[in-house]
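# Structural features, examined
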Amino acid sequence: MQIPYITEERPDTGLTNSKLGIWVFLASEIMLFGGLFSAYVFLRIAAPEGDFAYWGSKLNIPMATINTLVLISSSMTMIMSWASLKMKDFEKYKMYMGLTLLFASIFLVIKYFEYTGKFHHGIYPSSSTFMGIYFTLTGLHMLHIIGGMIVMGYFWLPFGNKMWTTEPERFTNRIEIAGLYWHFVDLVWIFLFPILYLL
Amino acid sequence: MSNDSHHEENFLQKYIFSVDHKIIGIQYGITSLMFLFFGFCLMMVMRWQLAYPETPVPYIGGLLGETGILMPEIYNMLGAMHGTIMIFLGVVPLAVGAFGNYIVPLQIGAPDMAFPKLNAASYWSYFIGGVIMLASFFLPEGAARSGWTSYPPLSIFETGQTAWLIGMVFLITSSLLGSMNIIVTIVQLRAPGLTWFRLPFFVWGQFVTAFLLVLAFPPLEAAAVLQLMDRVAQTSFFLPSGLVYSGAAVDVYGSGSPLLWQHLFWFLAHPEVYVLILPAMGIVGDVIANNTRKPLWGYKSIVYGSVFLGFMSFIVWAHHMFLTGMGQAMSSFFQTTTMIISIPSVIILTSFFISLWGASIRFTTPMLFALAFLPMFGIGGLTGLPLGVGASDIHLHDTYYVIGHFHYVVAPGTIFALFAGIYYWFPKMTGRKMSEALGKLHFWPSLIFMNGIFLPMFIQGLAGVSRRLYDGGQSYAHAQDVLQWNEFMSISAFCLAAAQIPFFINIFVSMFNGEKVGRNPWQSTTIEWSAPSPPLPHRNFENQVEVYRGPYEYSVPGADKDFSPQTEK
């Protein structure tokens with residue numbers, strides 16, 4: 001007996017197993033970042049007047065703005081790669097998925113320069129509470145980016161995407177699920193950017 | 001995946017790195033029982049020190065240093081690890097990992113869990129977390145010493161905390177993967193005809209529990225990450241400005257808040273209480289219905305009650321924090337929600353009691369454990385009410401009263417229910433019944449000695465004896481009148497350990513020599529009993545199961561036998 005509802009939807013719930021699974025997973029991710037965001041709010045209230053604003057002004061807003069655009073673009077190419085599979089165009093899928101990976105790498109490179117720039121100025125997580133929460137939140141977000149890149153890289157490389165020839169529908173679903181995760185990681189950054197850089 | 005049963009599997013694939021939910025369930029079961037036993041042994045060492053302070057511990061004293069006396073640092077270590085191991089490595093993996101994995105797919109007529117590989121990943125992540133926790137005893141700095149609650153600022157200065165935090169991250173990952181899987185399995189893989197209100201109460205208990213784990217654990221993970229940063233990157237999320245430790249000012253930026261940890265920690269740890277109790281209630285519900293030969297009374301109110309319980313458990317966490325000075329308004333809010341959350345628990349417990357009314361009860365071993373659960377959990381729950389009200393909590397906070405309260409919920413409550421589950425489903429797992437005589441020899445002494453340990457704690461706590469005292473209160477004036485209980489409690493604990501010997505003998509003897517049984521030895525109605533014993537590898541049932549009726553149709557008027565299985569038309 002096979003496990004049912006891997007590619008076809010269960011009639012009464014209208015979901016495949018993995019679609020429901022990723023939403024439950026994202027719910028827990030929201031609680032993880034929600035916990036950290038509330039810690040940020042709590043610490044900001046507890047901090048001396050102007051402390052967060054002072055340390056926040058040391059962050060590099062142009063770099064973060066570029067990174068925001070880069071991540072939003074990667075979300076778009078992610079959608080396009082899934083849409084290409086839906087239209088049975090595997091070559092286009094490879095291109096858009098490659099672009100997504102490229103954007104993700106650009107994000108990491110820019111983040112690397114941001115981090116090392118801070119270290120050169122002697123700014124570390126221990127420098128202040130704001131810097132602590134900045135490095136923790138962006139670091140955890142970067143781990144999510146790297147995790148996403150590993151999964152997407154697997155689906156991009158030949159040994160990961162050979163499922164396209166055997167079970168194309170299931171492979172398309174996998175890209176959709178990976179995409180939902182990727183949009184979530186993007187969304188987290190959309191929240192991180194204003195509260196860390198702009199506030 | 002589920003369809004590869006046609007090719008031969010070698011030993012490693014079949015029993016170690018299996019993706020079959022039944023094997024993983026048994027792996028979880030064996031590992032967590034060993035951790036439960038280990039956690040209990042840690043406590044027995046501590047109880048020796050409490051009963052006979054500063055005398056060498058017999059038999060294992062050599063492990064504790066040259067004198068054989070349990071020193072305060074190690075006492076703290078054992079205390080912290082006892083709590084951590086019992087909760088995160090013992091009871092939850094047994095209730096959710098073992099029973100959830102093994103029974104839920106069978107009770108909903110599914111061939112396996114929805115994500116078999118994630119299921120295996122969940123077990124191995126738990127295993128790694130457990131190894132890290134155990135290994136931390138052998139690190140030069142030793143295991144964690146700041147209690148299972150790990151309150152900062154002390155936990156940040158105490159050695160051994162880093163390994164604890166890393167171990168916790170693995171355990172949280174494990175429970176996240178496991179509970180995700182349970183939710184998807186229950187929603188998606190129910191057999192045709194198995195509507196929501198035809199689910200056995202055990203499945204409902206697991207379903208609500210899985211939601212609690214998915215939503216409550218991540219904030220603790222967030223808190224663990226922050227505390228890890230405090231320890232390894234010298235941040236000061238939980239360290240206020242101007243902190244002095246061991247006579248020297250602490251060199252950190254400051255402006256953090258220890259209260260933040262308490263909020264994040266209890267946001268997990270209160271729902272965690274319901275994670276401990278809901279699967280237990282599920283087992284008790286099934287066992288009671290089966291052994292009273294009656295439908296469970298008020299099935300729908302029990303289900304609604306457990307869902308409401310799950311929801312409310314997210315907004316009561318600060319009743320652990322009345323003494324932190326968080327303010328009148330906050331305290332009033334959390335007192336109110338705490339009083340409200342006792343209502344669904346009472347509904348569930350009352351329904352179980354009424355289910356017994358007028359029944360011709362079969363006093364089998366699982367039923368004895370399930371029956372003992374009711375008053376024991378009742379005592380645990382009712383003694384919690386004074387702790388939920390600020391005024392009385394000020395006196396009782398951090399005393400042995402609290403220890404007695406939550407041990408009544410978890411030890412003779414949850415663990416008794418888990419024993420009931422083991423005796424009840426053992427025939428399904430092995431095809432053989434456990435010995436009833438040995439089972440009763442296990443039950444009665446366990447019941448007596450459990451009460452021998454925990455009942456005097458209320459007396460000591462009301463007298464004002466603080467928890468976590470290395471000498472059990474010898475040096476405290478207000479503890480002098482209740483000191484004599486220490487020895488009584490310790491002897492009860494040692495006897496309780498002896499009372500578990502019949503249980504272990506029973507498992508091993510019954511596995512090979514127990515009475516052979518067919519599919520349905522208890523004449524039960526739920527779906528797992530229509531599968532062979534043990535169920536087929538990787539598919540459970542010979543054919544697709546179809547469900548025609550509710551979960552507890554016992555003694556249906558006009559039926560030719562006193563149980564009508566869900567799978568029979």
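Residues numbered from 1 in each chain as written. Chains lettered and ligands numbered in written order. Predicted model: local features only at pLDDT ≥ 70, side-chain atom pairs only at ≥ 80, totals over all residues. Heavy atoms only, no water.

### With respect to the overall build of chain A
Helix and strand counts for chain A come out as 8 helices and 0 strands. Counting from the amino terminus, helix and strand elements in chain A follow one another as α-α-α-α-α-α-α-α. Taken along the three principal axes of its C-alpha coordinates, chain A extends 60 × 35 × 20 Å. Scored against the burial criterion, the 199 residues of chain A give a buried share of 53%. In chain A, 13 side chains carry a positive charge and 13 a negative one; their mean positions are 4 Å apart. (Helix = DSSP H or I, 4+ residues; strand = E, 2+ residues; numbered from the N terminus. Buried < 20%, exposed > 50% of the residue type's maximum accessible area, 1.4 Å probe, protein only. Lys, Arg positive; Asp, Glu negative; His and termini not counted. Charge placed at Lys NZ, Arg CZ, Asp CG, Glu CD.)

### Looking at the interface of chain B and chain A
In many analyses, interface size is given as the accessible surface area lost on bringing the parts together. With 46 residues of chain B in contact, the opposing surface of chain A contributes 39 residues. When the two sides are added together, the surface that chain B and chain A hide from each other amounts to roughly 3400 Å², 72% of it contributed by carbon and sulfur. The interface formed by chain B and chain A includes 0 salt bridges. Those elements that place two or more of their residues in the side of chain B that touches chain A are helix 6 (161-188), helix 7 (201-232) and helix 8 (258-292) of chain B. A class-by-class count of the residues in the side of chain B that touches chain A yields 28 nonpolar, 14 polar and 4 charged. (Contact = heavy atoms within 4.5 Å. Buried area = accessible area lost by both parts, 1.4 Å probe. Salt bridge = Lys/Arg side-chain N within 4 Å of Asp/Glu carboxyl O. Nonpolar A, V, L, I, M, F, W, Y, C, P; charged D, E, K, R; others polar.)

### With respect to helix 2 (residues 21-51) of chain B
Working note: α-helix, 3.6 residues per turn, so residues spaced by three or four point in the same direction. Taking 1.5 Å per residue, 31 residues should reach 45 Å; helix 2 of chain B reaches 44 Å between its end C-alpha atoms and fits that length. Of all the 31 residues making up helix 2 of chain B, 24 are buried; the element is thus mostly covered by neighbouring parts of the structure. (Expected span 1.5 Å × (residues − 1).)

### A word on the pattern of salt bridges
All names here are of chain B. Applying the stated criterion across every chain yields a total of 12 salt bridges over all chains. Linking Glu 158 and Arg 145 is a salt bridge whose minimum nitrogen-to-oxygen distance equals 2.8 Å. With a gap of 13 residues between them, Glu 158 in the loop between helix 5 (154-157) and helix 6 and Arg 145 in the loop between helix 4 (116-135) and helix 5 connect regions that are remote in the sequence. A salt bridge links Asp 398 to Arg 467; its shortest N-O distance comes to 3.5 Å. One end of the pair, Asp 398, is in the loop between helix 13 (390-396) and helix 14 (400-430); the other, Arg 467, is in the loop between helix 15 (436-463) and helix 16 (485-499), and 69 residues separate them in sequence. We classify Asp 398 as partly exposed; its relative accessible area is 37%.

### Concerning the confidence of the model for chain B
For residues with low pLDDT, the predicted coordinates do not support detailed interpretation. Per-residue pLDDT for chain B has a mean of 94; in total, 99% of the residues score no lower than 70. Confidence over residues 1-5 of chain B falls short of pLDDT 50; this stretch has 12 contacts with residues more than four positions distant or in other chains. (pLDDT = per-residue confidence, 0-100.)

### Some details on the nonpolar core
The nonpolar side chains of a soluble globular protein tend to be buried with one another. One finds A:Leu196, B:Phe352 and B:Phe373 to be the most contacted residues of the largest nonpolar core, which totals 250 residues. Once you skip the residues sitting within four places of it in the chain, A:Leu196 turns out to touch A:Tyr40, A:Gly56, A:Leu59, A:Phe130, A:Tyr134, A:Leu137 and A:Thr138. (Core = buried A, V, L, I, M, F, W, Y, C linked by side-chain atoms within 4.5 Å.)

### Re the packing of helix 8 of chain B against helix 10 (residues 328-356) of chain B
All names here are of chain B. Where helix 8 meets helix 10, the axes come as close as 9 Å, and the angle between the chain directions of the two elements is 10°. Relative to helix 10, the element helix 8 lies roughly parallel. Along the contact surface, helix 8 presents His 263, Tyr 274, Met 281, Val 284, Gly 285, Ile 288 and Thr 292, while helix 10 presents Met 330, Ile 341, Ile 348, Phe 352, Ser 355 and Leu 356. Per-class residue counts for the contact of helix 8 with helix 10 are 9 nonpolar, 4 polar and no charged. (Axes fitted to C-alpha atoms, helices over the stretch in contact; angles between N-to-C directions. Parallel < 35°, antiparallel > 145°, perpendicular 65-115°, else oblique.)

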